[in-house]
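Secondary and tertiary structure notes
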Amino acid sequence: MFLTTTLILALSLPTAADRIQLDGHDLDAWAQAVLPGGEEAWLTIPWHATLHEGLRAAGQQQKPLLLWLMNGHPLGCT
Amino acid sequence: MAGRRSVWNDPRVIEKARAFVPATDEVWRLQRHQDRECRFFRQKVRGNPAPIGGSWQGLYIFAPDGTLLARRNTLNPDAAMKLMDAGLEKWSALGKEERKAADPAEYLPEHRWENSLPSDGLVLRSTFRDLPEDGIGPEGRGRWNRDHAWFNRDEARSWMPEEISIRQKHTLPEPLALRLARFHVVDNVSGQEGPYARDDIEHAEIEIEVTAVDGNDATIQISGLFRCESDGVYKLGETDWRHFPSRTRGIDATLRGEATWNIEQGRFSAFRAAAHGKAWGGSGLNGRRGVTQEQPAAIGWYFELVNDDPRDRLAPAFIDVYNADWVIQPDA
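Residues numbered from 1 in each chain as written. Chains lettered and ligands numbered in written order. Predicted model: local features only at pLDDT ≥ 70, side-chain atom pairs only at ≥ 80, totals over all residues. Heavy atoms only, no water.

We now examine the overall build of chain B. In terms of helices and strands, chain B carries eight helices and 11 strands. Taking 332 residues into account, the globule formula puts the C-alpha radius of gyration at 20 Å, and chain B, at 22 Å, falls close to it. Structurally, chain B occupies a C-alpha span of about 70 × 50 × 40 Å along its principal axes. Taken across its 332 residues, chain B has 53% of its residues classed as buried. (Helix = DSSP H or I, 4+ residues; strand = E, 2+ residues; numbered from the N terminus. Rg over C-alpha atoms; globule rule 2.2 N^0.38 Å. Buried < 20%, exposed > 50% of the residue type's maximum accessible area, 1.4 Å probe, protein only.)

Here is the structure:
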């Protein structure tokens, strides 16, 4: 009985080809767990990613440049 | 990295930032390197293009010609608001001539790592986060950080078996598995850690299987194992990382992923993978504290194909020591 139940379960479960699993969770679950969400409002700021691109845009838009500098790029690995 | 949340998540700061052109950059290079963009920065903030020691992290407000209007390093949103108000006040006092743009010949970079972006290859955004000890769940989300992983066109092709047909199996060439192990499945969650040396890698293996072929689309599944352990001895030669404290540390992680290769175009149209594992030790230079082999940190890494966001052109954190001869070096 146990063997039959196990076999039926195994046959009805999605195969590895259907859905990738890592530690019992699919990739959608991993994305949800790891990726930043709406709580990271700072990501909505339209940052230029370099000093020179920001400076060029400041000249074009005639606005002052607000530059945020860190060890490691703030939009990358800081 | 705390400033991401403490300052830049404040709605008042986000609103005030609209009065400016917002930009970010990495300060180590600007302080120390000889590139024109770096010398321009130093000339404007200190009146001298010579390299600057210490750390000049913080917020700066410049006129478009590079004149420094205000500067402060703060994690306090109220202080950031005051700085922006002070900068705007100085800006409003400038005459038309003083608002002119700088000549790009003064500041355009001669070299940036982003010039090596392999736009016809495989560019992945990687995000990594502290997880609860027992895996992912609703218990809350820990600190996170971000990086990018680069593979040029030939390297992207080498993720696929030579013959692309269903059930074909393939091992990712060792140099590319090592690239992931040394530079990407690393504990940078609490701030930059140093890269691993080749000798620190005990195991780095990626296995690939073609699971479907439908017209021009070939689907693959990806499995990987990484084990790295550094004895704390720096081994990378004369690089910027030699200034980073080297201490014992390690990683033990498993990766699973899936991707779609467009056979006609010779590139990936989809790619995502997650890794989960444990990290211990560290330089002590970032915010990571108290993780040991007995009480390691649980980390999740998520790799995904980038879109057209210009921010995804940023180079990998360890690009200066990447094992890729196609990366253009500063003195090339």
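Non-glycine residue A:Gln62 carries a positive phi angle of around 50°. Structurally, A:Gln62 is set in the loop between helix H3 (51-61) and strand S3 (65-70). In this structure A:Gln62 comes out as partly exposed when scored by relative accessible area, which is 36%. Positive phi, normally seen in glycine, also occurs at B:Arg167, with a value near 75°. Mapped onto the fold, B:Arg167 is located in the loop between helix H7 (153-157) and strand S6 (169-171). Of the residues examined, B:Arg167 reaches a relative accessible area of 62% and is grouped as exposed.

The next subject is the pairing of strand S9 (residues 249-262) of chain B. Residues and elements named next belong to chain B. Counting buried residues along S9, 11 of its 14 residues qualify, which places the element largely inside the surrounding structure. Bridge analysis of strand S8 (residues 217-230) against S9 gives 14 bridges, and the strand direction is antiparallel. Across the sheet, residue Gly224 finds its bridge partner in S9, namely Leu255. Note that S9 and strand S10 (residues 267-281) share 14 bridges and pair antiparallel. (Pairing = 2+ DSSP bridges.)

Our focus in this paragraph is the pattern of salt bridges. Residue and element names in this part refer to chain B. Taken as a whole, this structure holds 26 salt bridges over all chains when the rule is applied. The residue Glu97 makes a salt bridge to Lys100 at a minimum N-O spacing of 3.8 Å. Its relative accessible area of 45% is what places Lys100 among the partly exposed residues. The closest approach of N and O atoms between Arg125 and Glu304, which form a salt bridge, is 3.0 Å. Highlighted residues: Arg125 in strand S4 (residues 122-130) and Glu304 in strand S11 (residues 297-305), separated in sequence by 179 residues. A relative accessible area of 11% places Arg125 in the buried class. (Salt bridge = Lys/Arg side-chain N within 4 Å of Asp/Glu carboxyl O.)

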